[in-house]
Amino acid sequence: MSNARVWKWGVLVLAVAMVFSLGCAKKQTVTSEAPAPSAAAAGKESPAGVKSEAIKSEAAPGAGTKVAAAEAAAGMAATEEKASLFQDIRFDFDKSFIRDDAKPTLAKVAEYMKKNAGAKLSIEGHCDERGTSEYNMALGDRRADSARKYLASLGVSGGALSTVSFGKEKPLDPGHNEEAWAKNRRAHFVLK
Amino acid sequence: MTGRGCAALLIALAVVLSPVTGSAIFYIDINAPGGKRMPVAIPAFVVESGDRKLSEDFPKVIAGDLAMTALFEVVPSDAYLERIVPGHFADRPLSFPDWKMIGAEAVVIGKVEARGDQIAVEMRLYDSTLGRMMAGRRYTGPPHRFRKMAHKFANEILYAFTGVRGIFDTEVAFSATPEKGRGKEIYVVGLDGGDLRKVTENRSYNLFPRWSPDGDSLAYTSYRTGVPVIYLRNLQDGSERAVVQFGNTKSPGCFSPDGNSLYASVSVKGDTDIYRVRFNNSSYEKVVEGWGIEISPSVSPDGRKMAFVSSRSGSPQVYVKEIGSSGDRRISHAGSYSTSPSWSPAGDRIAFTSMTGGKFSIYTVRPDGNGQQLLASGDGDCADPSYSPDGRYVVYTFQKKGYSVLKIISADGRWGKTLFSGFSGVGSPAWSPRNK
């Protein structure tokens, strides 16, 4: 090949290579930070191309918030099913309205609370395992609050009633069928 | 100089000069679907001193990370012809023809050295065609942090070939019932299922972990005092404080992008709405309200918009609104019950779960509500999606009759794996931000 031809081909190759590499760079849709240290020219690698980095130990997990013994006991007890003087009341799927079949139990609860002036009642709201955890926390909260409002409407003093939701975290029946789910969509009444 | 020699020189110059012109050579277009995979060899690491198991452990972690991208295939080690020795990290070149002969276009080599109670690990990536090093790193740290070192080098490998930073050193926080335990505790796990760390230990319900934008802290709900409170735990120094104590039932949704506030769902007087709580003074204001359940905020990367769930239509659906303005748009049009939105950090899509055909599946949709697509489904419930910081993957829970695991799927749905199993009640996964 003549020198002039070589140079023409060379320039063409160089131009194509640069267009190609620029074109490839345009395809990047995610921006990256400063380039990694580039290796030396073709054929050579140098230890200077190897960057050093220190990896720290992870922190110890930490003890968490200091909590008084009585509170810590209440925290652990939260995971246990507590005894109740009353039956649970049940709810329809994804609903929090008070059903007719709940009213006799609620009447009994109201009667007890009015007879025992100093009594304090915690109303727990629960859901079945279907649906997502966070939404079920809020649904359990609505169920407990729904029962609370109904009891207040029957004359129970508001100060005697508190609510807590456990969402789907504490099912009464561990089964995975409609029968178990119906039992788990509930409000549970615990005297404190 | 011969004609041939000149042409070769010019080609070599083109290859070398491209970095100088401001664009590096990227061998693989990370967004090209279904292309040929780059064959990479990852021979056993040289262990000059220290735990011999690391010789195989490092290649395994790196191979697992590269497998996530579906861009690479690892050439099986029984085909390797050359054994890696310490000299390869000094002045002895690899026998590149031996690697090219078995089809390995790239080779990853590594050397482990014990240094007191630490290890020093040098890793190099070679292009076997050009015979040059594309990336090199030397990490020093405690031996039990070897996975982190491997993940970081996998990030470098991905960058060298695609120009895109990897996220292999990020982690997933989640909530689960410990073995033989009660309640739920918060855990953090690496993307290969290793490096499992327990964050809480109070034997109550600890739920809904959510990462701060700098990756240093987790906000979560705990019943450790018997009532729900949202705490902020600093994972770097272990310190913790209560940050949301008003109202009753509550859950953290997401942090504001500037890290100064937490968007949380709180039930006040029996009504759950979304609030913004400032960390510096605990002041709070309602940002989404309604007579139904308003819950689960997920903020866009620029902090201006929010996806959330509202039950106002009679059952929960996902909506998007401009923060600070009234008015919103429903974006979930899959099933009768849609929750758990996760706004991709890439900004372009929102993942959520919806009940269709009696089970939950993960869908994604554009923020304007168009282009809804099914992403993940199975013979169980797929729920609680959370995007990776590059928007290329989604972690979610898969649950079937009381058995629950964490799964990862690529955003294009073409690759997936089980991330974590073995505990019961696994849920609420949250993918950490990129490490600094």
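All residue numbers here refer to positions counted from 1 along the written sequence of the relevant chain. Chain A is the first chain written and ligand 1 is the first ligand written, with later ones labelled in order. pLDDT decides what is reported in this predicted model: residues at 70 or higher carry local features, side-chain atom pairs at 80 or more are listed and counted, and totals for whole chains, interfaces and linings draw on all residues regardless.

Engineer: What am I meant to see in the overall build of chain A here?
Structural biologist: Put simply, DSSP marks the helices as runs of H or I at least four residues long and the strands as runs of E at least two long, and each gets a number from the N terminus on. Counting its secondary structure elements, chain A contains five helices and five strands. Reading chain A from its N terminus to its C terminus gives the helix and strand order α-β-α-β-α-β-α-β-α-β. Counts of 20 or more other C-beta atoms within 10 Å of a residue's own C-beta define buried residues, counts of 12 or fewer define exposed ones, and intermediate counts define partly exposed ones; C-beta atoms are placed from the backbone. Looking at chain A as a whole, 30% of its 192 residues qualify as buried. Long-range contacts, defined here as pairs at least 24 residues apart, represent 69% of the contacts in chain A between residues at least 6 apart. Throughout, a pair of residues is in contact if the C-beta atoms placed from their backbones lie within 7 Å.

Engineer: For this particular structure, what's the right way to read the domain arrangement of chain B?
Structural biologist: In many reports, interface size means the accessible area that the parts give up when they come together. Residues and elements named next belong to chain B. The domain boundaries here were taken from an automatic or database domain assignment. Here the domain parsing of chain B yields domain 1 (25–162) and domain 2 (171–431). The straight-line distance from the C-alpha centre of domain 1 to that of domain 2 is 35 Å. Contributions of two or more residues to the side of domain 1 that touches domain 2 are made by α2 (54–69) and α4 (146–162). Residue contributions to the side of domain 1 that touches domain 2 peak at three residues, all from α2. Residues were grouped as follows: Ala, Val, Leu, Ile, Met, Phe, Trp, Tyr, Cys and Pro as nonpolar; Asp, Glu, Lys and Arg as charged; and all remaining residues, including Gly, as polar. Split into classes, the residues belonging to the side of domain 1 that touches domain 2 amount to four nonpolar, two polar and one charged.

Engineer: Sorry if this is basic, but what is going on with the sheet that holds strand β30 (residues 424–431) of chain B here?
Structural biologist: In any sheet, the strands associate via hydrogen bonds between backbone groups, in a parallel or an antiparallel arrangement. All names here are of chain B. As summarised here, the arrangement of the four strands in space is β9-β8-β7-β30, forming an open sheet in which the pairing is antiparallel. Sheet topology places β9 (197–198) and β30 at the edges, where each strand pairs with a single neighbour. Note: strand β7 (residues 171–177) against strand β8 (residues 185–190), six bridges, orientation antiparallel. Bridging from a neighbouring strand, Ala 176 pairs with Glu 185 of β8. For two strands to be treated as a pair, DSSP must find at least two bridges joining them.

Engineer: Hey, could you run me through the environment of A:Thr65 in this one?
Structural biologist: Positionally, A:Thr65 belongs in the loop between β1 (51–54) and α2 (69–77). When the 18 C-beta atoms within 10 Å are taken as the criterion, A:Thr65 is described as partly exposed. Note: C-alpha distance between A:Thr65 and A:Met113 (48 residues apart in sequence) is 35 Å. In this structure, A:Thr65 is in contact with B:Tyr231, B:Glu240 and B:Ala242, ignoring residues within four places of it in sequence.

Engineer: Just checking my understanding: could you explain the confidence of the model for chain B for this structure?
Structural biologist: Close inspection of predicted coordinates is inappropriate in any region flagged by low pLDDT. A residue's pLDDT is simply how confident the predictor is in it, with values from 0 to 100. Across chain B, the average pLDDT comes to 93, with 94% of residues at or above 70. Within the model, the stretch residues 10–24 of chain B combines pLDDT values under 50 with 29 contacts to residues more than four positions away or in other chains.

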